[in-house]
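The lines below spell out each chain.
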Amino acid sequence: MKEIEQIIKNLVKWYAKIPIEEEILGQLIDLGEFVDFPAGDLIVAAGDEENKLYVLVNGLIRKYYLDYQGNDITHQFLETGQVFSTQHVVFSGRVMCNFEAVEPCRLVCFDYAQVQKLMLEASSLSQVYIGILEETLRVKLVRETALLTESATERYVKMKAEIPDIDQRVSHAHIASYIGVTPVSLSRIRRTLREEN
């Protein structure tokens with residue numbers, strides 16, 4: 001429980017705009033439980049009806065969608081410390097995307113309904129959640145802007161700046177789908193960058 005307490009306190013410190021009462025913080029900590037996933041496991045699958053909130057303690061997660069032909073398209077890579085909720089990606093009661101453990105992952109999992117109930121009792125906790133939602137929206141807008149205004153090479157360079165060892169952690173096919181190109185095009189981009197440096 002001590003480890004969950006530290007994780008939650010770090011999260012609150014990062015997102016809270018106002019102080020959180022110790023009692024509320026204690027109740028939130030009590031709601032969290034550790035879950036572990038080996039590399040390759042689906043944490044959440046499209047079509048699931050779950051309603052959870054997760055904090056990634058360690059590992060790397062890939063969020064992806066399946067297109068109309070069944071191809072998977074990587075939307076986001078989540079790293080240690082990041083928060084995600086299946087509530088953010090629900091349509092008609094079902095989750096719309098997949099969250100895959102790219103590496104062995106440890107997460108703290110919360111039942112969203114219980115967290116939501118606690119937020120109704122404590123507006124200070126709602127401020128933390130608003131901060132998480134704002135960060136989720138910021139990441140989404142940055143991603144959309146990049147896809148609309150940057151070249152694939154620029155998107156690749158930015159991704160490498162954010163996650164320098166991504167090439168060793170994730171398949172090149174997943175990286176290619178993330179930046180919106182084929183694996184062959186990604187190979188050309190990487191070769192060109194190597195030759196320029």
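Cut-offs used in this document
- Residues numbered from 1 in each chain as written.
- Predicted model: local features only at pLDDT ≥ 70, side-chain atom pairs only at ≥ 80, totals over all residues.
- Heavy atoms only, no water.
- Helix = DSSP H or I, 4+ residues; strand = E, 2+ residues; numbered from the N terminus.
- Rg over C-alpha atoms; globule rule 2.2 N^0.38 Å.
- Buried < 20%, exposed > 50% of the residue type's maximum accessible area, 1.4 Å probe, protein only.
- Contact = heavy atoms within 4.5 Å.
- Areas by Shrake-Rupley, 256 points an atom, 1.4 Å probe, with all protein chains shown as cover.
- Lys, Arg positive; Asp, Glu negative; His and termini not counted.
- Charge placed at Lys NZ, Arg CZ, Asp CG, Glu CD.
- Salt bridge = Lys/Arg side-chain N within 4 Å of Asp/Glu carboxyl O.
- Axes fitted to C-alpha atoms, helices over the stretch in contact; angles between N-to-C directions.
- Parallel < 35°, antiparallel > 145°, perpendicular 65-115°, else oblique.
- Nonpolar A, V, L, I, M, F, W, Y, C, P; charged D, E, K, R; others polar.
- Phe/Tyr/Trp six-rings, centres within 6.5 Å; stacked < 30°, edge-to-face > 60°.
- Lys NZ or Arg CZ within 6 Å of the ring centre and 35° of its normal.
- Pairing = 2+ DSSP bridges.
- Core = buried A, V, L, I, M, F, W, Y, C linked by side-chain atoms within 4.5 Å.

For the protein chain, an unreviewed UniProt entry supplies the name Cyclic nucleotide-binding domain-containing protein and the organism Enterococcus avium ATCC 14025.

> I'd like a description of the overall build of the protein chain, backed by residues and values.
Along the backbone of the protein chain there are eight helices and ten strands. Since a compact globule built from 197 residues should have a radius of gyration of about 16 Å, the 18 Å found for the protein chain is in line with a globular shape. If one aligns the C-alpha atoms of the protein chain with their principal axes, the spans along those axes are about 55 × 35 × 30 Å. When burial is assessed residue by residue, the protein chain has 43% of its 197 residues classed as buried. Summarising the internal contacts of the protein chain: among those between residues at least 6 apart in sequence, 73% fall at separations of at least 24. Here the protein chain has roughly 10,900 Å² of accessible surface; of this, 54% comes from carbon and sulfur atoms. Distance between charge centres in the protein chain, computed from 21 positive and 29 negative side chains, equals 5 Å.

> A description of the pattern of salt bridges should follow, citing residues and the corresponding values.
Enumeration according to the criterion identifies 13 salt bridges in this entry. For Arg106, the salt bridge is made with Glu3, and the minimal N-O distance between the two is 3.9 Å. With Arg106 in strand β10 (residues 105-111) and Glu3 in helix α1 (residues 2-15), the pair connects residues that are 103 residues apart, well separated along the chain. The class of Glu3 is partly exposed, set by a relative accessible area of 42%.

> Got a sec to walk through the packing of helix α3 (residues 112-121) against helix α4 (residues 123-149)? Specific residues and values, please.
Remark: α3 packs on α4, axes separated minimally by 5 Å, with the N-to-C direction vectors making an angle of 125 degrees. Regarding the angle of α3 to α4, the classification is oblique. Of the residues in α4, those in contact with Tyr112, Leu118, Met119 and Glu121 of α3 are Ser123, Leu125, Ser126 and Tyr129. Residues belonging to the contact of α3 with α4 are distributed by class as follows: five nonpolar, two polar and one charged.

> Which residues make up the packing of aromatic side chains, and what are the values?
Here a ring pair, both rings aromatic, is described through the centre-centre distance and the interplanar angle of the planes. The full count for this structure, using the stated rule, is four aromatic pairs. Taking the ring centre of Phe34 as reference, the NZ or CZ of Arg106 above it sits at 4.2 Å. Positioned above the aromatic ring of Tyr178, the side-chain terminus of Arg143 is 4.1 Å from the ring centre.

> I'd like a rundown of the sheet that holds strand β1 (residues 33-37), residues and numbers included.
The pairing of strands in a sheet comes from backbone hydrogen bonds and takes either a parallel or an antiparallel form. Judged by pairing direction, the sheet is antiparallel, and its four strands sit side by side in the order β1-β10-β3-β6 without closing on themselves. The open sheet is flanked by β1 and β6 (83-85), the only strands paired with a single partner. Strand-to-strand, the axes of this sheet are offset by a mean angle of 30 degrees, without reference to chain direction.

> Quick one: what's the story with the nonpolar core, residue by residue and with numbers?
If you look at the biggest cluster of nonpolar residues, it comprises 26 residues, and the most contacted ones within it are Ile8, Ile20, Leu28, Val55, Val108, Phe110 and Leu125. Only α1, α2 (22-31), β3 (52-58), β10, α3 and α4 provide two or more residues apiece to this core. Broken down by element, this core gets its largest block of residues, six residues, from α1. Those residues within four positions of Ile20 in sequence are excluded, and the remaining contacts are Val12, Leu25, Ser124, Leu125 and Val128.

> Lay out the pairing of strand β9 (residues 98-101) with the relevant residues and their values.
What you see with β9 is no split at all: Asn98 and Glu100 on one side and Phe99 and Ala101 on the other are buried throughout. Relative to β9, strand β2 (residues 42-44) is paired through two bridges, and the arrangement is antiparallel. Within β9, the position partnered with Val44 by the bridge is Phe99.

> How would you summarise the environment of Gln76 if you had to cite specific residues and measurements?
Considering the arrangement of structural elements, one finds Gln76 in strand β5 (residues 72-79). Between the C-alpha atom of Gln76 and that of Lys140, which follows or precedes it by 64 residues, the distance is 9.1 Å. The contact partners of Gln76, leaving out residues within four places of it in the chain, are Ile61, Arg62, Lys63, Gln82, Val139 and Tyr178.

> Let's hear about the side chain of His174: which residues, and what values?
Mapped onto the fold, His174 is located in helix α7 (residues 172-179). Assessed through its relative accessible area of 18%, His174 is described here as buried. Once residues within four sequence positions are removed from consideration, His174 is found in contact with Arg62, Asp72, Thr74, Phe77 and Glu100.

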